[in-house]
Amino acid sequence: MRLLGLVLLTAFASSEHLQTAVRPDEGSAVTVSSVLPADQCAVCTVGGVNDTQKSCQSSLSLAPGEEVKLLFNCSQAVEQAFTVTIARTVECTTDRCSPTMLETQPSLLSEFSRTFTWELKAPEKTVVGLEILGHGLMETSKPCLGGFQYSLTHTNGRTLYCRGGSETHLDGLNGAVVSLQVKPKAVVESVLFQASAGPLKGQTMVVTVDSSTTAVVRRDPAAPECDVCSADGSTRECRANEKTLTNVENLSLEFSCLKPQDVFSVEVKKKIECTQSSCTPAAGEIDVFKDFRRSITWDIGVPQRTVLTLDFPGGLKEMFEAETCPDGHQYSVSTIKSDGGTRTTSYCRGGTVSHLDLFGATSVTTQLLKGSEVDSFTVRVAPRGGRMMSVMPDPNTIITISRVSSEPDCSVCLNKGPNQMCKPTQLTLKDPYNTTVEFTCPQPQHVFAVEINREIDCTETSCSGNIVQAESSLFPDFNRTFTWDLKVVSTRAFQLDFPELGMRQIPNKEICPDEHTYSIVTYLRRGPATIGTFCKGGTVTTILARYKGRVSLQVPGNRKLDPVDFKLNVGPETSMVAIVKVNLPRGVSSTDFITANYPSEFPDNQQMQWDFAVPGMHNYTMHFQDHTAPECLAKEVEVEYQKEDKKATKLTLTDSQPKHAQGDFNMVLRNCETNRTLQGLTLNYRVSVMRSGHPVLCAVDLTEHQGVSLQIEKVGSDPFCEMSINSKVEEKLNVAAGAKASLSFLDCPNEDVRLTASKVIAACQDTTTCSATQLTVPKLDSCLPMPLHSFTWHLQIPEDRTVDLTSPTGSLRQSLPGQECDPSASLHVAESDGFSVGEFCFAGMIPKIQVHANLSVTATVSDFSRTKEPFLNVSFSQEIPETIIYRVSPEESSPTLLATPNWPGGMRASSTVSWLVTVPSQYEAHLQFLNVSQPRCRERHTDFTVKLLGDEEELISRREDEAPVDKLTVSRSFYLNMSNCIPERGNFGTMTKIVLQKKSNLMVILLGVAGALLLLLTLLAVVCFLIRKNKKDKQAKESSIYIGKGNIFRPNDGHFSKTRSDNESHVYASIDEAMTYGHLLGDSSYADSMPARFNGAQVDTYNTFTGPTSSGLPEILEPDNEPEMEMFTTFLDPSDSFLPSRPRTPIDRQDSLGFQDRRLLDSQLCTFKSTGDINTIRLSGVNMEPQAPVLSEDSF
């Protein structure tokens, strides 16, 4: 041992260790142990001189009352490696215990996890009581979080407790153990319990059990002994294992154990008796022995033809085999049927079944855990009513109602009242009039099935068309069989044509997945032969059968009828039992077929034919999977294959059948005359089809097309189209930009595959490299078998730039109702996240679209090969405050429709769109706002603004909470703006209609009228002036002429021998222009340069006045009534000159005050520099129209 200790000490030289001295109290047994082996952890006793003697082991028991020095060594933390158990024994008599106080010795080895235990020793039928000192306890099933775990272990098990509860007292019998487990370094009170002893007094309870209830208190076989006693007066009766109670009131039961609910279980049976109108008691309730585990059974008796209804307020959920209820609360409902059998159904609580309708005596059983409450239910009864319905068969239809269950007390009756006729097994209805059918049970669909038969005779009448229809309104919740008995001329066949989905043959007597199972039978001389059983959806398209047969459709109850819409026709003459026509599917497939009557024998001396249509570029292979060959008495069994225009091939069942063949073919199976005492002819075979086509290959190279990528996807319904890229089969092919790929297409029609392409245009790497571009479609590889469906350009720009889209051939038009685009050529513009800007095409009224976002433009053209020109011109401009700006030039000939982006959806939240609309001069725009939808805004408001270009004042401005404007007239070019809010619900969007109309300017009309009136007044003034002038001339025909050196002559002076009308004194020989226009002559020598003939005095001519000017001139007064003349006239008025008077003419346009001849403006002399026509200049503003402003890029 010393050597072992030395070895262990050497091993633990580098491990953790702890040395301490301990002295266990008297009466306590201390054990120190480790779960690790001794070579890893050991506790050693140290003694001898200088502690040189050591004894080490993994577990060590310490003697009570003796001090010992311990050394703990371990390869890990010693506090976690060792546990300490401090065990004491409490010895009790019948009335006291020793020790009374249960101490802990808290300082002993407190560095470790400790367990304090007290084993209780007491005489028989003595109970030891432990008063808990300090903290109260509470019962638990989980570890305690505080590190103090109490437990009480007895023969029935172990109960755990934690601190902090209301439990202050524990009871235990002989052998019980009380324990406390604490973590290392936990502070433990020195005294935990105070013990006392006394005689065992079991639990007593008072119960009442009525006469309809029987309670059996039964001790579990594995539980400790415990008596149950009852005192009835002076008689006391005790039972050790079982006690039965019934019809007792306030009976006192005394158990000889502390917790009888842990020892006993109770089985309760209660009887409920019912008449046809009520039950006693009317509810399933049990309130005895709640603290015990209970099995409760209610036996409910009902009279004949009575319906029992159980109502469960909390609801039930039906259980299936091997299921258990999550809460352990399970109901079992067992009903005794009239035939003596029992039907049992199990339920859990909390389902949707709120009531159960039952027939016959019923038992309800539930199992309850301790402390569980019973979910009561109510019991109702009523006479078992029948079910009545009205039925009217169609003409030539027979309805047969047959019993399919052994339930004896349900019949089907015809009519009602005293003439009612009831049948227990079968009722047949033939007459096509309304009939009352009554069942004597409420759920006859579980007892009876219905067959609806129709006879169709095609021997005398035509049977072509859709005459085979199933009547869906009759007996919808019954199991139904629809049968059609078909008959044609004996040499002909009836033909059944199935729709495109076809039919699929399954083994006879099986059921289709949709529970609509068809069977076809033909009647031969030797009996019926089943051609086959079929389901919806398969390769069989037509079946012909000879002479007479039956088609059946089986549908279960409560299944909605969805029959195949097949057609009936009279077929050709045939010697075959049946002809089955099959369209084999494209791709890889295998289809099974069987002969008539399979797995029974095929009829003797009969033949059956299958016509197979094989898709092009496919191979087929025949596999005879299972067959039996008969013993032929005459002829042989043959399998004949026939192809069009080819010689038939005859084989036996054992020959090699066709493999990897192509083309449509017929297969005929002929039977011989067989020995019927042996196995007859049967055949189950399979037709396998696989593709034989060759793939279309294409090598795509996108390295020469920068940014271009391809996408190819299936759009057709053919599931056998196979596409692959680089030898990998994919449903969708993607060729990335700048990549090369090998594509393969197998059995892919062009119309079933769609090719799209896209290109990424990062036109602006930064704000200095933005350059205009054109959207053109590059030429793709010619090996691609399908045409290009659409091409998408993805435009990426910096945040401070705007994309400008213009058409190279004119303007764009938005596709809207009333101005739809041709679907063969369109452009879809969307933002990068897919939010639609709109659908556009060419030849419109939108010259430019500006979008402040990354865009995608998708062109869809019927034939891209014919498109050579670019689709759009793309340029880039400075950032705009709006999201989108449309520049619109409406057409005068037709209305213009404008719509918000994403129409008819709503605008993007917090987005703004503007339309800059140019209105031609002489026109005005009539706006009509159609289909305006306003949202309910969560933040901000929608805004709807119209403003003339160049003006700050708004014509209209509306929010979503203001009254809308339907119409508006704008006199010139304007600005239409719409802004969206952040909607709470709803969308913001509108469509605007613009119609241009000629202006009707009232001001122009008024000015024209005023001008006309002014002209009229001027003419009147001139006429009046001429008339007055003529009168003056008549009154004064003589003139006075002033001569400076002579006398003043008066009128009629005889100095002039001629009158003015007779002489020529008024004729000018010349006029000195120097005096007339002298202020314009800058050269004084001008007069000297005149011709000589103008020098000297002339007779009867005008001479320049050279007389004295110092003397005063005579004052000549103008007449008062003379009209006031203009301030400036170019020449004298003719009436004031020496010219003779001449007739006045009306004032022409050039004579009006509003005009001036351009020829007089060519010089300051107001002379004519040309001899052309009069060229007037308009001097007034009358009839002048306002001109539209010239729009430029800068004006916006």
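This one's a predicted model, so the numbers in the text were calculated from it and none came from an experiment.

Observations regarding the overall build of the protein
Piece 1. Helix and strand counts for the protein stand at four helices and 85 strands.
Piece 2. The buried share among the 1196 residues of the protein stands at 39%.
Piece 3. Counted over contacts in the protein with a minimum sequence separation of 6, partners at least 24 positions apart contribute 78%.
Piece 4. Split by element, the accessible area of the protein, about 66,300 Å² in all, is 50% carbon and sulfur.

Re the side chain of T126
Piece 1. The residue T126 is located in strand 11 (residues 126-132) in this model.
Piece 2. If sequence neighbours within four positions are ignored, T126 has contacts with T93, T94, G172, L173, A197, G198, P199 and L200.

Comments concerning the confidence of the model for the protein
Piece 1. When pLDDT is averaged along the protein, the result is 82; 83% of the residues meet or exceed 70.
Piece 2. Between residues 1118-1172, whose pLDDT stays under 50, and residues either more than four places distant or in other chains, the model counts 70 contacts.

Concerning the sheet that holds strand 69 (residues 836-842)
To summarise the sheet geometry, strands pair through backbone hydrogen bonds and adopt either a parallel or an antiparallel arrangement.
Piece 1. Taken together, the eight strands give an open sheet; going across it, the order is 61-58-63-65-71-68-69-67, and neighbouring strands pair in mixed fashion. Only two strands of the sheet have a single neighbouring strand rather than two, namely strand 61 (732-735) and strand 67 (812-814). Averaged over all pairs of adjacent strands, the angle between their axes in this sheet comes to 25°, without regard to strand direction.
Piece 2. Note that strand 68 (residues 825-831) and strand 69 share four bridges and pair antiparallel.

Considering the packing of aromatic side chains
Piece 1. All told, the structure shown has 29 aromatic pairs when counted by the stated rule.
Piece 2. Here F498 and F566 contribute two aromatic rings whose centre-to-centre distance is 5.8 Å and whose plane-to-plane angle is 55°, an arrangement assigned as tilted. On the criterion of sequence distance, the pair formed by F498 in the loop between strand 40 (492-497) and strand 41 (503-506) and F566 in the loop between strand 45 (548-555) and strand 46 (567-573) is long-range, its members being 68 residues apart.
Piece 3. A relative accessible area of 12% places F498 in the buried class.

Remarks on the pairing of strand 10 (residues 113-121)
Piece 1. With nine bridges joining them, strand 7 (residues 82-92) and strand 10 adopt parallel strand pairing. Paired with T89 across the bridge in strand 10 is E119.
Piece 2. Relative to strand 16 (residues 177-182), strand 10 runs antiparallel, the two being bridged by six bridges. Within the sheet, the bridge partner assigned to F116 lies in strand 16 and is L180.

What to know about a nonpolar patch on the surface
Piece 1. A surface patch of nonpolar side chains, amounting to about 290 Å² of accessible area, comprises I1005, V1009 and L1013.
Piece 2. By secondary structure assignment, the location of V1009 is in helix 3 (residues 1002-1035).
Piece 3. Take V1009: its relative accessible area is 47%, and that puts it in the partly exposed class.

With respect to the pattern of salt bridges
Piece 1. Following the criterion strictly, the structure yields 37 salt bridges and no others.
Piece 2. Of the charged contacts in the structure, one is a salt bridge between E189 and R163, with a shortest N-O distance of 3.1 Å. With E189 in the loop between strand 16 and strand 17 (191-199) and R163 in strand 14 (residues 157-163), this pair connects stretches of sequence that are 26 residues apart.
Piece 3. In this structure E189 comes out as partly exposed when scored by relative accessible area, which is 33%.
Piece 4. Among the salt bridges present, the one from D562 reaches K536, with a minimum N-O distance of 3.1 Å. Taken as a pair, D562 in the loop between strand 45 and strand 46 and K536 in strand 43 (residues 527-536) lie far apart in primary sequence, 26 residues in all.

Describing the side chain of T517
Piece 1. As for its position among the elements, T517 is in strand 42 (residues 517-524).
Piece 2. A distance of 3.0 Å separates a polar side-chain atom of T517 from the backbone nitrogen of C512.

So, the state of the cysteines
Piece 1. A complete count under the given rule lists 16 disulfides for this structure.
Piece 2. Sulfur-sulfur distance for the disulfide between C410 and C441 comes to 1.9 Å. Measuring handedness by torsion sign, the sulfur bridge of C410 and C441 sits at about -60° and is left-handed. In this pair, C410 sits in the loop between strand 33 (397-403) and strand 34 (412-414) while C441 sits in the loop between strand 37 (435-439) and strand 38 (448-457), placing the two residues 31 residues apart along the sequence.
Piece 3. We classify C410 as buried; its relative accessible area is 0%.
Piece 4. Paired through a disulfide, C632 and C672 show a sulfur-sulfur distance of 2.0 Å. One quick way to see it: the torsion about the S-S bond of C632 and C672 is about -80°, and its sign makes the bridge left-handed. Placement of the pair is C632 in strand 51 (residues 632-634) and C672 in the loop between strand 54 (665-670) and strand 55 (673-674), with a sequence separation of 40 residues.

Scoring rules and cut-offs
- Residues numbered from 1 in each chain as written.
- Predicted model: local features only at pLDDT ≥ 70, side-chain atom pairs only at ≥ 80, totals over all residues.
- Heavy atoms only, no water.
- Helix = DSSP H or I, 4+ residues; strand = E, 2+ residues; numbered from the N terminus.
- Buried < 20%, exposed > 50% of the residue type's maximum accessible area, 1.4 Å probe, protein only.
- Contact = heavy atoms within 4.5 Å.
- Areas by Shrake-Rupley, 256 points an atom, 1.4 Å probe, with all protein chains shown as cover.
- pLDDT = per-residue confidence, 0-100.
- Pairing = 2+ DSSP bridges.
- Axes fitted to C-alpha atoms, helices over the stretch in contact; angles between N-to-C directions.
- Phe/Tyr/Trp six-rings, centres within 6.5 Å; stacked < 30°, edge-to-face > 60°.
- Patch = residues over 30% accessible without salt bridge, like charges linked within 9 Å, V, L, I, M, F, W, Y side chains within 5 Å.
- Salt bridge = Lys/Arg side-chain N within 4 Å of Asp/Glu carboxyl O.
- Polar contact = N/O pair within 3.5 Å; in protein donor to acceptor, adjacent residues only side chain to side chain.
- Disulfide = S-S within 2.5 Å.

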